[in-house]
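# Secondary and tertiary structure notes
Spelled out, the chains give:
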There are 4 protein chains.
Amino acid sequence: MAKKIIGVFGGGNVSETMSEYQAAFDIGRGIAKHGCILLTGGLGGVMTAASKGAREEGGTTIGILPGSRDTSPPNPYVDIAIYTGMGEARNVINVKSCNSAIAVGGEYGTLSEIALALKTGCPVVLLDSWSFTRHAAAEESILTADTPDEAVTMAIAAAGN
Amino acid sequence: MAKKIIGVFGGGNVSETMSEYQAAFDIGRGIAKHGCILLTGGLGGVMTAASKGAREEGGTTIGILPGSRDTSPPNPYVDIAIYTGMGEARNVINVKSCNSAIAVGGEYGTLSEIALALKTGCPVVLLDSWSFTRHAAAEESILTADTPDEAVTMAIAAAGN
Amino acid sequence: MAKKIIGVFGGGNVSETMSEYQAAFDIGRGIAKHGCILLTGGLGGVMTAASKGAREEGGTTIGILPGSRDTSPPNPYVDIAIYTGMGEARNVINVKSCNSAIAVGGEYGTLSEIALALKTGCPVVLLDSWSFTRHAAAEESILTADTPDEAVTMAIAAAGN
Amino acid sequence: MAKKIIGVFGGGNVSETMSEYQAAFDIGRGIAKHGCILLTGGLGGVMTAASKGAREEGGTTIGILPGSRDTSPPNPYVDIAIYTGMGEARNVINVKSCNSAIAVGGEYGTLSEIALALKTGCPVVLLDSWSFTRHAAAEESILTADTPDEAVTMAIAAAGN
């Protein structure tokens, strides 16, 4: 049986001293510990932190890069680098290729990934991330976690089997 | 000088009797009346309504389709159909190709377009659409309109020159 | 009835003194003269020449750009610029969005467009362009023209109705 | 040091009794034997054969799928499935993500991959595949192999270090 792939989405500019960095690191570690493969956008901040965490547990890490080998090198904790050359359009690939995903904080790029995940039916767990409501919409059932561990547990449960 | 291109984003399943349909129609008409080109995702609902409105004013309409000629025909009010075969990734093209955009209501696909617009610096005006806040974020300066006319005026002003 | 869109593919580095430039200019003019819309990759060389020719006849020109407004400005003869941000992947859009196409000379990028056109069923006419044979393959029925005028006539016939 | 990724491109409709199938199987096995990761388009024919060969040697196999989990399932020998939802545009990702590639036989889709590889500087070795010449072009230095083993050796040498 193929290993489950869990995505981690979040800001590329998060520095090591920010709480999101530590949370992403813990999430990456948790994903690897549960025998899953980590998928990120392959760049810095949350993507680096999660990949570093997964690597530390001996997990496999995939990075879906926006550019080419020359223009957008992956962070050093990416095992398998996929170069798309498609900029933001690579967010669609991230969402489609995960069994489930966790969004940690994040900027507008992360919000687009959350929206695409919800549109395409990829379960996504939010941790200290965006909240959003539609004009006059019924309550959406968004998965929200309070801790990195809880986020991992929820994402793996949502990934199905 | 090239004509400005104004995008209209919104749900594909909106029916003619819904208020979003009429609003999108009025917006399409307003965009054409101001001598701008309309760009949409080329499909139904809000996309059809806006294109119909623009056509009625003699405007030019572009549709960026998710599929191929065979699989995703444009609505009958699209003058120039661009077939991408890239599914949701075509949302990136919509956002990149507009000088500014208006989001009318909308589902998750529209939320992803709003997020991509904000990320890539394409001014976007919201009309009865999503609201969203980032965890612990400073107030974002999102453009919000109360009427279709106001949405058009704001979008054209934001489109620069 | 929507106007037919005819694509012109060819090298981006062709200079004005080369025969391909003049041929592309004549082809662009012919496409416009026949009431069709010209679609190119929006950049230099053959793309500029064809767009300039179509413009001179009062035709409409579309450019499917590989980058963003900031990074890949269209040539001055493009009326409608579509920014994809997807690099070479935009070749797929070029091929899918034409009713038929003409390849003039060209480098490897053009060869990829010819191949994609043949794969996806978009009729393509070659003028002083690539020739190719498959290992042990039966003769392919590739459309080949000897003059710009003949290329236009063949492309419009192939575009169907 | 990250493992090298070697791509194998070829027809999706090649059956088990055809010589291309056996060649692709041998190539996949050779790639794995040399400690490299195999990347294919994830579907049938040559892609299945190469993945099966790599799997038999205990290698890792990546498949870059044109569709979604629901619409384009990978062949059973793909370890890591990346879903793009971008149809033929995924060929660009295949080419960009390899250190080098081998084309075995192939249809027009393969020709587009060969052309994209040559355009973007990805070394590609041809085995019983397309031959092509440019109008009035100087001789191109295309890598051509006579046997699967030779193709693997050439591709790994070309992948650099």
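Okay, so let's go over this structure. (Residues numbered from 1 in each chain as written. Chains lettered and ligands numbered in written order. Predicted model: local features only at pLDDT ≥ 70, side-chain atom pairs only at ≥ 80, totals over all residues. Heavy atoms only, no water.)

With that settled, the discussion passes to the overall build of chain A. Assigned secondary structure in chain A consists of five helices and eight strands. Shown N-terminal to C-terminal, the secondary structure of chain A runs as helices and strands in the order β-α-β-α-β-β-α-β-α-β-β-β-α. Taking 15 Å as the expected radius of gyration for a compact globule of 161 residues, we find that chain A reaches 14 Å, a close match to that expectation. With respect to the principal axes defined by its C-alpha atoms, chain A has extents near 45 × 35 × 30 Å. Counting across all 161 residues of chain A, residues that qualify as buried make up 60%. Of all intrachain contacts in chain A linking residues separated by at least 6 positions in sequence, the fraction that spans at least 24 positions is 57%. Total accessible area computed for chain A in this model is approximately 6,000 Å², and 48% of it derives from carbon and sulfur atoms. Considering chain A, the positive charge centre built from 11 side chains and the negative charge centre built from 16 side chains are found 9 Å apart. (Helix = DSSP H or I, 4+ residues; strand = E, 2+ residues; numbered from the N terminus. Rg over C-alpha atoms; globule rule 2.2 N^0.38 Å. Buried < 20%, exposed > 50% of the residue type's maximum accessible area, 1.4 Å probe, protein only. Contact = heavy atoms within 4.5 Å. Areas by Shrake-Rupley, 256 points an atom, 1.4 Å probe, with all protein chains shown as cover. Lys, Arg positive; Asp, Glu negative; His and termini not counted. Charge placed at Lys NZ, Arg CZ, Asp CG, Glu CD.)

Glancing now at the interface of chain B and chain A. Each partner contributes residues to the interface: chain B has 26 residues there, and chain A has 26 residues. Buried area between chain B and chain A, summed over both chains or domains, comes out near 2,400 Å², and the portion from carbon and sulfur atoms is 66%. Inspection of the region where chain B meets chain A yields two salt bridges. Between Glu88(A) and Lys119(B) there is a salt bridge, with the nearest N and O atoms lying 3.9 Å from each other. Connecting chain B to chain A are two residue pairs in polar contact (both at pLDDT 80 or more). Looking at the side of chain B that touches chain A, the elements that each hand over two or more residues are helix 4 (108-120) and strand 7 (131-133) of chain B. It is helix 4 of chain B that contributes the most residues to the side of chain B that touches chain A, nine residues altogether. Taken together, the residues of the side of chain B that touches chain A sort by class into ten nonpolar, nine polar and seven charged. Examined bridge by bridge, strand 7 (residues 131-133) of chain A and strand 7 of chain B share three bridges and lie antiparallel to one another. (Buried area = accessible area lost by both parts, 1.4 Å probe. Salt bridge = Lys/Arg side-chain N within 4 Å of Asp/Glu carboxyl O. Polar contact = N/O pair within 3.5 Å; in protein donor to acceptor, adjacent residues only side chain to side chain. Nonpolar A, V, L, I, M, F, W, Y, C, P; charged D, E, K, R; others polar. Pairing = 2+ DSSP bridges.)

Residue and element names in this part refer to chain B. Between helix 1 (residues 19-33) and helix 5 (residues 148-158), the shortest axis-to-axis distance is 8 Å and the interhelical angle comes to 40°. Judged by the angle between their axes, helix 1 and helix 5 are oblique. Between helix 1 and helix 5 lies a crossing of right-handed hand. Side by side, helix 1 and helix 5 meet where Ala23, Asp26, Ile27, Gly30 and Ile31 of the first sit next to Pro148, Ala151 and Val152 of the second. In the contact of helix 1 with helix 5, the residues fall into six nonpolar, one polar and one charged. (Axes fitted to C-alpha atoms, helices over the stretch in contact; angles between N-to-C directions. Parallel < 35°, antiparallel > 145°, perpendicular 65-115°, else oblique. Left-handed = near helix turned anticlockwise from the far one by under 90°.)

Right, let's get into the relation of the copies chain D and chain C. When chain D is fitted onto chain C, the two copies agree to an RMSD of 0.0 Å after a turn of 180° and an axial shift of 0.0 Å. Such a combination of rotation and displacement between the chain copies is what one expects of a two-fold axis. A shared binding surface is used by both copies, with 100% of the interface residues of chain D retained as interface residues in chain C. (Least-squares fit on C-alpha atoms with pLDDT ≥ 70 in both.)

Let us now look at the packing of aromatic side chains. Within this structure, the stated rule accounts for eight aromatic pairs over all chains. Taking the centre distance of 6.0 Å and the plane angle of 70° together, the rings of Trp130(A) and Phe132(B) count as edge-to-face. Taken together, the residues Trp130(A) in the loop between strand 6 (124-127) and strand 7 and Phe132(B) in strand 7 connect one chain to another. Each member of the pair, Trp130(A) as well as Phe132(B), carries the same accessibility label: buried. An aromatic cluster is defined as three or more aromatic residues linked by ring pairs; in this entry it consists of Tyr108(A), Trp130(A) and Phe132(B). (Phe/Tyr/Trp six-rings, centres within 6.5 Å; stacked < 30°, edge-to-face > 60°.)

Per the counting criterion, the structure on display carries one cavity of 30 Å³ or more. If you go around the largest cavity, the residues you meet are Glu88(A), Ala89(A), Asn91(A), Val92(A), Ser112(A), Leu116(A), Glu88(B), Ala89(B), Asn91(B), Val92(B) and Leu116(B). Grouping the constituent residues of the lining of the largest cavity by class yields six nonpolar, three polar and two charged. (1 Å grid on protein atoms, 1.4 Å probe; cavity = no way out; pocket = protein on both sides within 12 Å on 5 of 7 lines; lining within 4 Å. Points joined across faces, edges and corners; volume = space filled by probe spheres on them.)

Counting residues at the interface gives 26 residues for chain D, matched by 26 residues for chain C. When chain D packs against chain C, close to 2,400 Å² is buried across both sides, 66% of that on carbon and sulfur atoms. Inspection of the chain D/chain C interface yields two salt bridges. Mapped by element, the contributors of at least two residues to the side of chain D that touches chain C are helix 4 (108-120) and strand 7 (131-133) of chain D. Tallying contributions element by element places helix 4 of chain D first for the side of chain D that touches chain C, with nine residues. Taken together, the residues of the side of chain D that touches chain C sort by class into ten nonpolar, nine polar and seven charged.

What follows is about the side chain of Ser112(D). All names here are of chain D. The residue Ser112 is located in helix 4 in this model. A distance of 3.1 Å separates a polar atom in the side chain of Ser112 from a polar atom in the side chain of Asn91. For Ser112, the side chain forms a polar contact with the main-chain oxygen of Gly109, separated by 2.8 Å.

Attention shifts here to helix 2 (residues 46-56) of chain B. Residues and elements named next belong to chain B. Across the eleven residues that make up helix 2, a large majority, eight, are buried. For helix 2, the complete set of buried residues consists of Val46, Met47, Thr48, Ala49, Ala50, Ser51, Gly53 and Ala54. Summarising the contacts, the buried residues of helix 2 are in contact with strand 1 (5-10), helix 1, strand 2 (37-40), strand 3 (61-65), helix 3 (90-97) and strand 5 (100-104). Among the residues trailing helix 2, Gly58 stands out with phi positive, at a value near 80°.

The next subject is the pairing of strand 1 (residues 5-10) of chain C. Residue and element names in this part refer to chain C. Across the six residues that make up strand 1, a large majority, six, are buried. Of the two faces of strand 1, the one carrying Ile5, Gly7 and Phe9 and the one carrying Ile6, Val8 and Gly10 are both buried. In the sheet, strand 1 pairs with strand 2 (residues 37-40) via three bridges, with the strands oriented parallel. Counterpart to Gly7 in the pairing with strand 2 is Leu39. Read as a crossover between parallel neighbours, the route from strand 1 over helix 1 (residues 19-33) to strand 2 is right-handed. Pairing geometry for strand 1 and strand 5 (residues 100-104), over five bridges, is parallel. (Right-handed = clockwise from strand over helix to strand, strands pointing away.)

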